[in-house]
Amino acid sequence: FAGSTIAPNWKLIWRTWAPLRIRVFAWLASQDRCWSAARLARHGLPHDARCIFCAQVLATLDHLLVQCPFSRTIWHEILAWCRLPLPPPGTDDCFLEWWADSSRRVLAALRKGLASLVLLTVWSIWRHRNACIFDHMHPSTMLLLQVIKDAARAWASAGAKDIANFMPPY
């Protein structure tokens, strides 16, 4: 990994409170190994041509996790809920670059909590996307926001004190 763009990002993923399955998902996502529509297309497999959330473009991982208007709304609301003075991802942002930049912008004491929150959010967006595709659920920012907030509170109750540091009280 020396000299590669992935090398610094392993700490973002692996040094967090998130459950192993979520860290594995994030690692696979960082390697572009999750089965997004773009990856299915590259392998010649059947896929929907447009993003399940916005129906505007081919769903790359970066699009699904940070660039899509649906996902950007989720990020804006979650960052506001946690009172984190970070800009939400933009339409051209790469997920890992945005996360690394955001991590540098917060106090060192908040970085592990931010990492847990970021992993929880991308995992939740991915699962919501899967529910929309495989269970024919309709995309819902309200539902997804509640899922993320409830899970963050559960993680804090289970001992993730770093994520609890910036969560608002009930």
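Because the structure is predicted, anything quoted here is derived from the model rather than measured.

Student: Help me get a handle on a nonpolar patch on the surface, residues and values and all.
Tutor: A contiguous nonpolar surface patch, about 240 Å² in accessible area, is contributed by Leu20, Val24 and Leu28. Mapped onto the elements of the fold, valine 24 is located in helix α2 (residues 20–30). In this structure valine 24 comes out as partly exposed when scored by relative accessible area, which is 35%.

Student: Which residues make up the nonpolar core, and what values do they have?
Tutor: Of all hydrophobic cores here, the largest spans 55 residues; its most connected members are Phe53, Ile74, Leu84, Phe95 and Trp99. Only α1 (9–14), α2, α4 (61–67), α5 (69–81), α6 (95–105), α7 (111–134) and α8 (141–157) provide two or more residues apiece to this core. Looking at this core, the element that brings in the most residues is α7, giving 11 residues. Once residues lying within four places of it in the same chain are set aside, the contact partners of phenylalanine 53 are Leu64, Cys68, Phe70, Ser71, Ile125, His128, Arg129, Cys132 and Pro139.

Student: Talk me through the pattern of salt bridges; I want residue IDs and the actual numbers.
Tutor: One pass over the full model with this rule turns up three salt bridges. A salt bridge links aspartate 101 to arginine 104; the nearest nitrogen and oxygen atoms lie 3.9 Å apart. You can see aspartate 101 and its partner arginine 104 sitting in helix α6, three residues apart, about one turn around the helix. Where salt bridges share partners, they join Asp101, Arg104 and Arg105 into one cluster.

Student: I'd love a proper account of the packing of aromatic side chains, names of residues and values included.
Tutor: All chains considered together, the criterion is met by five aromatic pairs. Each member of the aromatic cluster is reached from another via a ring pair, and the members are Phe25, Trp123 and Trp126. The aromatic ring of tryptophan 126 is capped on one face by arginine 129, whose charged end is 4.3 Å from the ring centroid.

Student: Describe unusual backbone geometry, naming the residues involved and giving the relevant values.
Tutor: A positive phi angle, close to 55°, is found at alanine 55, a residue other than glycine. Residue placement: alanine 55 occurs in the loop between α3 (37–42) and α4. For alanine 55, a relative accessible area of 43% gives the class partly exposed. The backbone of histidine 136 sits at a positive phi, close to 60°, despite the residue not being glycine.

Student: Can you lay out the packing of α7 against α8 for me, pointing to particular residues and giving the numbers?
Tutor: Each packed pair of helices is defined by two parameters, the angle between the axes and the distance between the axes. Between α7 and α8, the least distance of the axes is 10 Å, while the angle of their chain directions is 140°. Relative to α8, α7 is oriented oblique. In this structure, α7 crosses over α8, and the sense of that crossing is right-handed. Of α8, the residues touching α7 (which contributes Ser116, Leu120, Thr121, Ser124, Ile125 and His128) are Leu143, Leu144, Val147, Ile148, Ala151, Ala152 and Trp155. Its residues placed into classes, the contact of α7 with α8 shows nine nonpolar, four polar and no charged.

Student: For the environment of leucine 64, give the residues involved together with the corresponding values.
Tutor: You can see leucine 64 is positioned in helix α4. For the pair formed by leucine 64 and proline 139, sequence separation is 75 residues and the distance between their alpha carbons is 12 Å. In this view, leucine 64 contacts Ser36, Cys51, Phe53, Ala59, Ser71, Ile125, Trp126 and Arg129; residues no more than four positions away in its chain are not counted.

Student: Requested: an account of the side chain of serine 30, with residues and values cited.
Tutor: Mapping serine 30 onto the fold places it in helix α2. Classification of serine 30 as buried rests on a relative accessible area of 15%. Among the polar contacts listed, one links the side chain of serine 30 to the backbone oxygen of tryptophan 27, at a separation of 2.7 Å. Setting aside its immediate chain neighbours within four residues, serine 30 contacts Ile13 and Leu96.

The rules behind these values
Residues numbered from 1 in each chain as written. Predicted model: local features only at pLDDT ≥ 70, side-chain atom pairs only at ≥ 80, totals over all residues. Heavy atoms only, no water. Patch = residues over 30% accessible without salt bridge, like charges linked within 9 Å, V, L, I, M, F, W, Y side chains within 5 Å. Areas by Shrake-Rupley, 256 points an atom, 1.4 Å probe, with all protein chains shown as cover. Salt bridge = Lys/Arg side-chain N within 4 Å of Asp/Glu carboxyl O. Helix = DSSP H or I, 4+ residues; strand = E, 2+ residues; numbered from the N terminus. Buried < 20%, exposed > 50% of the residue type's maximum accessible area, 1.4 Å probe, protein only. Core = buried A, V, L, I, M, F, W, Y, C linked by side-chain atoms within 4.5 Å. Contact = heavy atoms within 4.5 Å. Phe/Tyr/Trp six-rings, centres within 6.5 Å; stacked < 30°, edge-to-face > 60°. Lys NZ or Arg CZ within 6 Å of the ring centre and 35° of its normal. Axes fitted to C-alpha atoms, helices over the stretch in contact; angles between N-to-C directions. Parallel < 35°, antiparallel > 145°, perpendicular 65-115°, else oblique. Left-handed = near helix turned anticlockwise from the far one by under 90°. Nonpolar A, V, L, I, M, F, W, Y, C, P; charged D, E, K, R; others polar. Polar contact = N/O pair within 3.5 Å; in protein donor to acceptor, adjacent residues only side chain to side chain.

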